[in-house]
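Architecture at a glance
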Amino acid sequence: MEWCLSMPKVELHAHLNGSIRDSTLLELTEGLIRKGVMDISELEHIIRKYNRSVAEVFKLFDLIHILTTDHTTVTRITKEVIEDFATENVVYLELRTTPKRNDSVGMTKRSYVEAVLKGLRSITSVEVDFIPHCEDSKSLFSSLPPIGHVRKRIYVRLLLSIDRRETAEAAMETVKLALEMRPFGVVGIDLSGNPSIGDWTTYLPALKFAREQGLYVTLHCGEVPNSEEIKNMLDFRPQRIGHACHLEDEHWRQLKSSKIPVEICLTSNIRTLTIRSIHVHHFGDLYKAKHPLVLCTDDSGVFSTSLTEEYKYAADSFGLGRREMFELSRNGIEHIFANSQVKEDLRNFFNSVAKKYGSVTKALS
Ligand SMILES: CNc1ncnc2c1ncn2[C@@H]1O[C@H](COP(=O)(O)O)[C@@H](O)[C@H]1O
Ligand SMILES: [Zn+2]
């Protein structure tokens, strides 16, 4: 575990509100109960449960959203979540979140994203790079840190999520907002939300527009069985997909020949009972086939996990050694939604870490 913690990592599938700290969630819940604003008796058994079904997880998200959807809290959790990832040596993070409206506090989708950006900018304990650079700007890892420098360094990029409950118009609003916020670190669009509801084709115009405008697109794909949707999503050829659990033989063939990278969320899939046992998880097959993969947390708060634990889980379940874990982490760089300069900086950094591990062979075997 120590080794997985110290290894530099790349996180590409983390939902902001799903990554909330337990202590923050508890504090916010207690605050509302004290004020008598909330009766959680109905939800108590879901909060206390360990394995929650997909439907129960989405009930929990509705509760979390009640607690977090105001500007101050959004700013706070953004800061905390990024600090937490940096603490476990995540050096590149793509954080995704659904811009929300909350009329009762005057929140619009734009002011929601501004609150997220405020959280990003407020971090001082960690060196954060979140503004996409021009090619000649300074990179985060290339300069030598000053002597005695112990601060963590992390690249952060944002994806705006479209929720499957939204209308086509709301989705288009999110894409336009992402375009407007590009200079401040928004790089792409995600389609997520309860996979059992909505029809993804509602969002096709917005997703196509996003792609035409040069935004990256990733889709939650195959979290529940839905053969036609899975096929159509793969035909759309997003730059990455999340999960890829309920694919049928023809979809596996299509996925493998398309080489679309898959964001793998082991704990999330097991806890939501999306996959019945870790030993039959498709990570094993895709890894053997050398399909592009990235290990991710999905919702580290909701599923009580961390990227460190996901690596340990994969290592224990599929027999990966240190060298394999390091390579898996390093390969993630090739699938990030950032420019070539950031990729190069990360590649150089991973190379220097590999050298530092010393006689590489000893530390990585
Ligand atoms: C468990 N698997 C999952 N499948 C699909 N969507 C998920 C998800 N986990 C999280 N989300 C999406 O992310 C939102 C929470 O973060 P934000 O409010 O956007 O920051 C959830 O409401 C859901 O829309
Ligand atoms: Zn997800």
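For the structure itself, look to the data block above.
In what follows, the accompanying structure is described. A quick note: this is a predicted structure, and the numbers were derived from the prediction, not measured.

Near ligand 1 there are 18 residues, and of these H65, T97, T98, E223 and D299 occur at the shortest range. A distance of 2.8 Å is found between an oxygen atom of ligand 1 and a side-chain nitrogen or oxygen belonging to K100. In this structure, a nitrogen atom belonging to ligand 1 sits 3.3 Å away from a side-chain N or O atom of D298. In the complex, 99% of the free accessible area of ligand 1, which totals 510 Å², lies under the protein chains. In terms of residue count, the dominant contributor to the shell around ligand 1 is helix α4 (residues 54-68) (3 residues). The residue makeup of the shell around ligand 1, split by class, is 4 nonpolar, 9 polar and 5 charged.

Quick look at the coordination of the zinc ion (ligand 2) now. The protein atoms that coordinate the zinc ion (ligand 2) are H13 (NE2), H15 (NE2), H220 (NE2) and D298 (OD), at distances of 2.1 to 2.2 Å. Note that the zinc ion (ligand 2) binds 4 donor atoms; their angles at the metal cover 82 to 167°, and the shape is irregular. All donor residues of the zinc ion (ligand 2) come from one chain, and their arrangement in sequence is H-x1-H-x204-H-x77-D. With a gap of 283 residues between them, H15 in strand β1 (residues 9-15) and D298 in the loop between β9 (293-295) and α13 (307-318) connect regions that are remote in the sequence. D298 matches H15 in its accessibility class, with the two residues each being buried.

In this section: empty space enclosed by the protein. What the rule picks out here adds up to 1 cavity of 30 Å³ or more. Quantified by volume, the largest cavity comes out at close to 50 Å³. R164, G193, P195, H220, C221, G222, E223, V224 and E229 are the residues that line the largest cavity. Residues that form the lining of the largest cavity fall into these classes: 3 nonpolar, 3 polar and 3 charged.

Following the sequence through the fold, H291 ends up in the loop between α12 (283-288) and β9. The class for H291 is buried, based on a relative accessible area of 7%. Contacts of H291, omitting those with residues within four sequence positions, involve L255, K256, K259, I260, V262 and L286.

The phi torsion at R237 lies on the positive side, around 55°, for a residue other than glycine. Its location among the elements puts R237 in the loop between α9 (227-236) and β7 (240-243). Here D298, not a glycine, exhibits a phi torsion of approximately 70°, which is positive.

Conventions we followed
Residues numbered from 1 in each chain as written. Chains lettered and ligands numbered in written order. Predicted model: local features only at pLDDT ≥ 70, side-chain atom pairs only at ≥ 80, totals over all residues. Heavy atoms only, no water. Near = heavy atom within 4 Å. Polar contact = N/O pair within 3.5 Å; in protein donor to acceptor, adjacent residues only side chain to side chain. Areas by Shrake-Rupley, 256 points an atom, 1.4 Å probe, with all protein chains shown as cover. Helix = DSSP H or I, 4+ residues; strand = E, 2+ residues; numbered from the N terminus. Nonpolar A, V, L, I, M, F, W, Y, C, P; charged D, E, K, R; others polar. Donors = N, O, S within 2.8 Å, 3.2 Å for Na, K, Ca; no water. Tetrahedral: all angles 85-135°; square planar, octahedral: opposite > 155°, others 65-115°. Buried < 20%, exposed > 50% of the residue type's maximum accessible area, 1.4 Å probe, protein only. 1 Å grid on protein atoms, 1.4 Å probe; cavity = no way out; pocket = protein on both sides within 12 Å on 5 of 7 lines; lining within 4 Å. Points joined across faces, edges and corners; volume = space filled by probe spheres on them. Contact = heavy atoms within 4.5 Å.

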